[in-house]
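# A look at the structure
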Amino acid sequence: MKRQTLLLIMVGLLNMLALGASANVKLTTPMKSVNGDIPPNKTGVVLNGDLEFNSGSNSVEAYTDGEYLYIDFYQNFGYVNILIMSELGGIVYDNIVNTAVQTAYIIPCSGFITGKYTLILNNANGYAAGDFSEP
């Protein structure tokens, strides 16, 4: 009886140590920084919304350099519709990308007139939108 009790206590302690070790590993895993990932000489597009429930704040990033709009998908969202609307509400760009295959998407902005634009990303599970300006 004493051996069984001692064995159960030791197994319990080992489990607690293992759980504590795995918790420490999760806490020390580096997180992706939005500001640190934007290349120099580019302006970030702050996206509000979520393409999938609990996908994380850094699962999609967008930035522009005045000539191109760059969109990076760090997670598979399936088919995503990419819309760019002018400040008057007109659609200036509309395309669908399969994020299972293509994780980076580049849109040329050379035909855009100077002004404010809204980038809208949507799929079957949600949407994200953010504003940017073209000089």
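Refer to the structure above for everything that follows.
A brief structural summary.

Criteria and thresholds
- Residues numbered from 1 in each chain as written.
- Predicted model: local features only at pLDDT ≥ 70, side-chain atom pairs only at ≥ 80, totals over all residues.
- Heavy atoms only, no water.
- Helix = DSSP H or I, 4+ residues; strand = E, 2+ residues; numbered from the N terminus.
- Buried < 20%, exposed > 50% of the residue type's maximum accessible area, 1.4 Å probe, protein only.
- Polar contact = N/O pair within 3.5 Å; in protein donor to acceptor, adjacent residues only side chain to side chain.
- Contact = heavy atoms within 4.5 Å.
- Core = buried A, V, L, I, M, F, W, Y, C linked by side-chain atoms within 4.5 Å.
- Salt bridge = Lys/Arg side-chain N within 4 Å of Asp/Glu carboxyl O.

Here Asn123 shows up in strand E8 (residues 115-123). Since its relative accessible area comes to 16%, Asn123 is described here as buried. Within the local environment of Asn123, its side chain forms a polar contact with the backbone oxygen of Leu51, the two atoms lying 3.2 Å apart. Within the structure, Asn123 has its side chain in polar contact with the backbone nitrogen of Asn125 (distance 3.0 Å). In contact with Asn123, not counting residues within four places along its chain, are Leu51, Phe77, Tyr79 and Val80.

Looking at soluble globular proteins, one finds that nonpolar side chains tend to be buried together. Counting residues in each nonpolar core, the largest one holds 21 residues, and the members touching the most others are Ile71, Phe73, Ile82, Ile84, Leu119 and Leu121. For this core, the elements supplying multiple residues, two or more each, are strand E3 (60-64), strand E4 (68-73), strand E5 (79-86), strand E6 (91-98), strand E7 (104-108) and E8. Among residues more than four places away in sequence, those in contact with Leu121 are Leu47, Leu51, Val60, Ile71, Phe73, Val80, Asn81, Ile82, Gly126, Tyr127 and Ala128.

Attention now goes to the pattern of salt bridges. Inspection of the entire model under this criterion finds 1 salt bridge. With a shortest N-O distance of 3.8 Å, Asp131 and Lys116 are connected by a salt bridge. Placement of the pair is Asp131 in strand E9 (residues 126-134) and Lys116 in strand E8, with a sequence separation of 15 residues. Overall, Lys116 belongs to the partly exposed group, its relative accessible area being 43%.

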